[in-house]
Amino acid sequence: MVTASISLRGVGRTFGATRALAGVDLDLRPGVTGLLGPNGAGKTTLLRLLATALPPTRGQVRVLGLDPDVPAERTGIRRQLGYQPQEAGFPRGFTAFAFVDYIALLKEWTQPAARHAEVRRVLDLVGLSDLGAKRIRAMSGGQRRRVALAQALLGSPPVLVLDEPTTGVDPEQRVTLRTVLAEIARTSIVVLSTHQTEDVAALCERVIVLDRGRVCYDGPVTDLVSQAAGRVWLADQPDPAASASWRTGTGRYRNVGARVRNDAEHVEPSLEDAYLLLRGGSPEHEPAEEMTS
Amino acid sequence: MTATLAPARPAADADRATFAALAARETRRFAVNPVFLFAVAMTVWVLSTDPGNVTEIDSVNWIPAVFLGGFGMMATFWLTRSMGASEPVVGVTPVTLPARTAALCVVAIVPFACGGLALLRFVQLIPVGDPAYGAFSPSARIAVLVGQIAVPSLGGPLLGVALGRWVRFPGAAFVLFLILFGWGNLVTALSISRPDSTPLVVLRLFAPFSFFTLRGNTAHLTTWRGSPWFFLGWQLALCAIAVLAALLRGAEGRARLRIVRALGVAGAVAVVMLVLAATGGFTHAVTA
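Quantities reported herein were computed from a predicted structural model and do not represent experimental measurements.

In terms of helices and strands, chain B carries eleven helices and three strands. Dimensions of chain B, computed from C-alpha atoms along their principal axes, come out at roughly 80 × 40 × 30 Å. In chain B, buried positions account for 47% of the 288 residues. Of the contacts made within chain B by residues no fewer than 6 positions apart, 83% connect residues no fewer than 24 positions apart.

Let us look at the overall build of chain A. A tally of regular secondary structure across chain A gives ten helices and 13 strands. Here the C-alpha atoms of chain A give a radius of gyration of 21 Å, agreeing with the 19 Å that 2.2 N^0.38 yields for 293 residues. For the C-alpha atoms alone, the extent of chain A along its principal axes is close to 70 × 45 × 40 Å. Considering only contacts within chain A whose residues lie at least 6 apart along the sequence, 66% involve residues at least 24 apart.

Moving on, we come to the interface of chain B and chain A. Taken together, the contact between chain B and chain A spans 29 residues of the former and 35 residues of the latter. If you list the elements that add at least two residues to the side of chain B that touches chain A, you get helix H1 (15-31) and helix H4 (87-90) of chain B. Of all the elements, H1(B) adds the most residues to the side of chain B that touches chain A, at five residues.

All names here are of chain B. The strand order across the open sheet built from three strands is S1-S2-S3, with neighbouring strands paired in antiparallel fashion. Bordering the open sheet on either side are strand S1 (213-214) and strand S3 (286-287), each of which pairs with just one other strand. Inspection of the sheet shows strand S2 (residues 222-223) paired to S3 by two bridges, in the antiparallel sense. Residue pairing for S3: Thr-222 is matched across the bridge by Thr-287.

Let us now look at the domain arrangement of chain A. Residues and elements named next belong to chain A. Splitting chain A by domain gives domain 1 (1-14 + 21-80 + 157-212), domain 2 (89-152) and domain 3 (224-291). For domain 1 and domain 3, the distance between their C-alpha centroids amounts to 28 Å. The interface of domain 1 with domain 3 comprises eight residues on the first partner and eight residues on the second. Breaking the side of domain 1 that touches domain 3 down by element, the ones donating at least two residues are helix H7 (197-203) and strand S8 (206-211). A breakdown of the residues in the side of domain 1 that touches domain 3 according to their chemical character gives six nonpolar, one polar and one charged.

Residue and element names in this part refer to chain A. Taken as a whole, chain A shows an average pLDDT of 89; of its residues, 94% reach a score of 70 or greater. Put simply, helix H10 (residues 288-291) is where chain A has its lowest mean pLDDT, 34, and helix H3 (residues 96-106) is where it has its highest, 97. Contacts from residues 281-293, a stretch scored under 50 in pLDDT, to residues over four places away or in other chains number 20 contacts.

Moving on, we get to unusual backbone geometry. Residues and elements named next belong to chain A. The residue Ser-156 is not glycine, and still its phi comes out positive at about 40°. Mapped onto the elements of the fold, Ser-156 is located in the loop between helix H5 (141-153) and strand S6 (159-163). Of note in this structure, Glu-164 is not a glycine but carries a positive phi near 50°. Mapped onto the fold, Glu-164 is located in the loop between S6 and helix H6 (171-184).

For the rest of this paragraph, the subject is helix H1 (residues 43-50) of chain A. Residue and element names in this part refer to chain A. Of all eight residues making up H1, eight are buried, and the element is well covered by its neighbours. Taken as a whole, H1 has its buried residues at Lys-43, Thr-44, Thr-45, Leu-46, Leu-47, Arg-48, Leu-49 and Leu-50. Thr-52 sits one or two positions beyond H1 and adopts a positive phi of about 65°.

Turning to the sheet that holds strand S13 (residues 265-266) of chain A, a few remarks are in order. All names here are of chain A. The strand order across the open sheet built from four strands is S11-S12-S10-S13, with neighbouring strands paired in antiparallel fashion. A single partner strand is all that each edge strand has here, and the edge strands are strand S11 (244-247) and S13. Where S11 lies against strand S12 (residues 253-256), four bridges are found, and the strand directions are antiparallel. Opposite Trp-246, over in S12, you have Arg-254 as the bridge partner.

Residues and elements named next belong to chain B. Running from amino to carboxyl end, helix H3 (residues 62-81) crosses helix H7 (residues 138-166) at an angle of 25°, the nearest separation of the two axes being 7 Å. On the basis of their axis angle, the class for H3 and H7 is roughly parallel. You can see that H3 and H7 cross each other, and the crossing is right-handed.

Residues and elements named next belong to chain B. End to end, helix H8 (residues 172-193) covers 32 Å across 22 residues, agreeing with the expected 32 Å (1.5 Å per residue, within 8%). Every buried residue belonging to H8 is among Ala-173, Phe-177, Leu-180, Val-187 and Ser-191, and all of these are buried. End-on view of H8: buried residues confined to an arc of 110°, all on one side of the axis. Of the exposed residues in H8, the ones pointing more than 90 degrees away from its buried face are Val-175, Leu-178, Ile-179, Gly-182, Asn-185, Ala-189 and Ser-193. Packed against the buried residues of H8 are H3, H7 and helix H9 (198-205).

With that settled, consider the nonpolar core. Within the largest apolar cluster, 167 residues are counted, with the highest numbers of intra-cluster contacts made by A:Val100, A:Ala150, A:Val161, B:Leu158 and B:Ala242. Ranked by residues supplied to this core, first place goes to helix H10 (residues 228-248) of chain B with 15 residues. Excluding anything up to four places from it in sequence, A:Val161 contacts A:Leu47, A:Leu50, A:Ala51, A:Leu81, A:Tyr83 and A:Val191.

It is worth spelling out the packing of H8(B) against H9(B) at this point. All names here are of chain B. Between H8 and H9, the shortest axis-to-axis distance is 9 Å and the interhelical angle comes to 155°. Looking at the two axes, H8 sits roughly antiparallel to H9. Crossing of H8 over H9 shows left-handed handedness. Contacts from Val-187, Thr-188, Leu-190 and Ser-191 of H8 reach H9 at Leu-200, Leu-203 and Arg-204. Here the contact of H8 with H9 is composed, by residue class, of four nonpolar, two polar and one charged.

So, about the pairing of strand S5 (residues 81-84) of chain A. Residue and element names in this part refer to chain A. Going residue by residue along S5, you find Leu-81 and Tyr-83 tucked away on one face and Gly-82 and Gln-84 tucked away on the opposite face as well. Bridge count for S5 against S6 is four bridges, and the pairing is parallel. Bridge assignment links Tyr-83 to a residue of S6, and that residue is Val-161.

Basis of the calculations
- Residues numbered from 1 in each chain as written.
- Chains lettered and ligands numbered in written order.
- Predicted model: local features only at pLDDT ≥ 70, side-chain atom pairs only at ≥ 80, totals over all residues.
- Helix = DSSP H or I, 4+ residues; strand = E, 2+ residues; numbered from the N terminus.
- Buried ≥ 20, exposed ≤ 12 C-beta atoms within 10 Å, placed from the backbone.
- Contact = placed C-beta atoms within 7 Å.
- Rg over C-alpha atoms; globule rule 2.2 N^0.38 Å.
- Pairing = 2+ DSSP bridges.
- Domains from an automatic or database assignment.
- Nonpolar A, V, L, I, M, F, W, Y, C, P; charged D, E, K, R; others polar.
- pLDDT = per-residue confidence, 0-100.
- Axes fitted to C-alpha atoms, helices over the stretch in contact; angles between N-to-C directions.
- Parallel < 35°, antiparallel > 145°, perpendicular 65-115°, else oblique.
- Left-handed = near helix turned anticlockwise from the far one by under 90°.
- Expected span 1.5 Å × (residues − 1).
- Arc of directions from axis to C-beta.
- Core = buried A, V, L, I, M, F, W, Y, C linked by C-beta atoms within 7 Å.

See the structure below:
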C-alpha cells in the first residue's frame, strides 16, 4: 500500500521584491500538521502552493507523487484535494447547499443523487445540515467559514489543506470539527494553518512554525512544548526577565522567557508558551535551523 | 455525529460528463437570470404586437438584437463574473478555467434559440416576399434576417463571456453595450448622408449588427451597399473570436498555442469577410 505524501524541496516564492517563502523543505504524510507563525510568515503562501493555487518561483513540489507544474498532473492532484482558502468569497444569491453542490459538480460528482447525498453529508459534518437552504450572504462569519470547510471535505480527499478553518467558529463547533478532521487524518494528509494554538495542541501531532518565509520549527507538538518546560512561571508582577508576560484571570502574571529566577513559581507550559518562547527572541533563543528537528 | 466519513468516489475520467453537467447547470442559471428574462419578455412583447403597416424591416428587427444580443451579453457577463469571488475555491477543482469558460459559452445556445424563434415569428409577421425587405433577392433577405436577429442573439452572449473573463470592471458589459449601440447609430447616420461611400460601407459593416435598408423620412426605401451573406460570415468570425478570446484565459501549453493560432485564423477570416461584405452586394444604394 502506497502512503500518501507531499514533499517540498528548496521551495521559494516571491511576490515582486517580497520574499514570502525561502528554501522550504518538508515531507508530509497522513495525519494532522499544524502551521503556526506570525502574520506575514508565509503560511498562506505555503498552503496555496500545496493546493496548486500558486506555483513556486523555485524548488520542487510533489503532491501524491504528482508535479503541479505539469497541467495533467495538476488536475490529478486537484482530483484528490480539498482546500479551504483564508478568504473564501461566495457568489451572490447562492444557498449553502447550492454552493457546495456547485463545487461538488466541479469536483466531478456528476450523478445528481450521489452528489446531493455527498453535499448533505459534508454539510452535516460541519453542523450546517439545517441551514442548507439559507443564503450564504445571510449567514454569520462562522457559518460561512463552515460552508467553505464543507466544500473542502467533499469526497474525504487524501489531501486536505485548510487555511484558518476555525476562525470565527464557536467553541462547540470547533470541538466537532476537531473530531471530523482527526477522523479524516487517519488516511489523509491534513495541513491547517491557524492562530489558535489550542487547536494545534488538541488536534495536531506535528507542528511547523514559519517565520519570515523559513521553517523555524518542524516536529512533534509535544517536543515543542517540552522545550518550554521550566521557562514559564507565575508572578505577582510582569517579570522584566521574561520575553512575554500577561495578566491572567487570577490577577497574577504569566511569564515566559529563557532566563528564569531560581525562586520562580513554575507552571506547566502550553503550546502557546512554547510558541511565544520560540518567537520571543530571548538571548538564548537558538537559531531557527538548529531548532528544526 | 451521525454522518459517515466514507463517501463514494467520483470517477477520475469524468471530463465529458462533468462538462455536460456543468454546461447544463450554467444554462439553468442563465435561463433564470432577471436581465435575460427581461430581454425575452421585451422581445416577445414587441413581436406579439401587430406590425400594422410596416414599410421597412429595420424599424423592428433591431429589437431582438438589442434585447437578446445586448442584454444577453450583460447576463452572460454577470454569469461569468459571478464566480469570481469564489475563484480561490473554484480555481483548484479538477475542471480547468477554459473548460468552465466553454461551459459558459454553451449557455449562448439559449438566446440563440430564442433568436431563431424570434426570426420565425418575424418572417410570419413580415413574409420574405414583402417589399419591406428592399431590393434584395429572397436568399439575401434570409441572410439579412439571420444576420440581424439570430446571430446577434448568439454573438452578444458569447461576447459577454469573453468580456467577463478578461475585464473585472462590473459595468464593462453595459459600457460595451452603449459603445456598440452608439457606434451603430453613428455609422447609420453617416450612411444616410453618403450611402455610396465605400469607406462608410466598411465602417457601417464594422459592427456586430448592421442595417441594410432604411426608409428615413422619405417615401422611398433605400437598400444599401454590402453583401448580407459575407456580413453573416463576418459576424460568425466575430463569434469565433469571442469564444477563442474567452478560452484563452487560463489556457496553458499546447492548448494555448492552438487557441492563439485559431485566433489568428479567425481574425484573418473576419477581415476577409468584412472586405467581401463591403465590396459585395449592390455597387450603389438602390432606392425604390
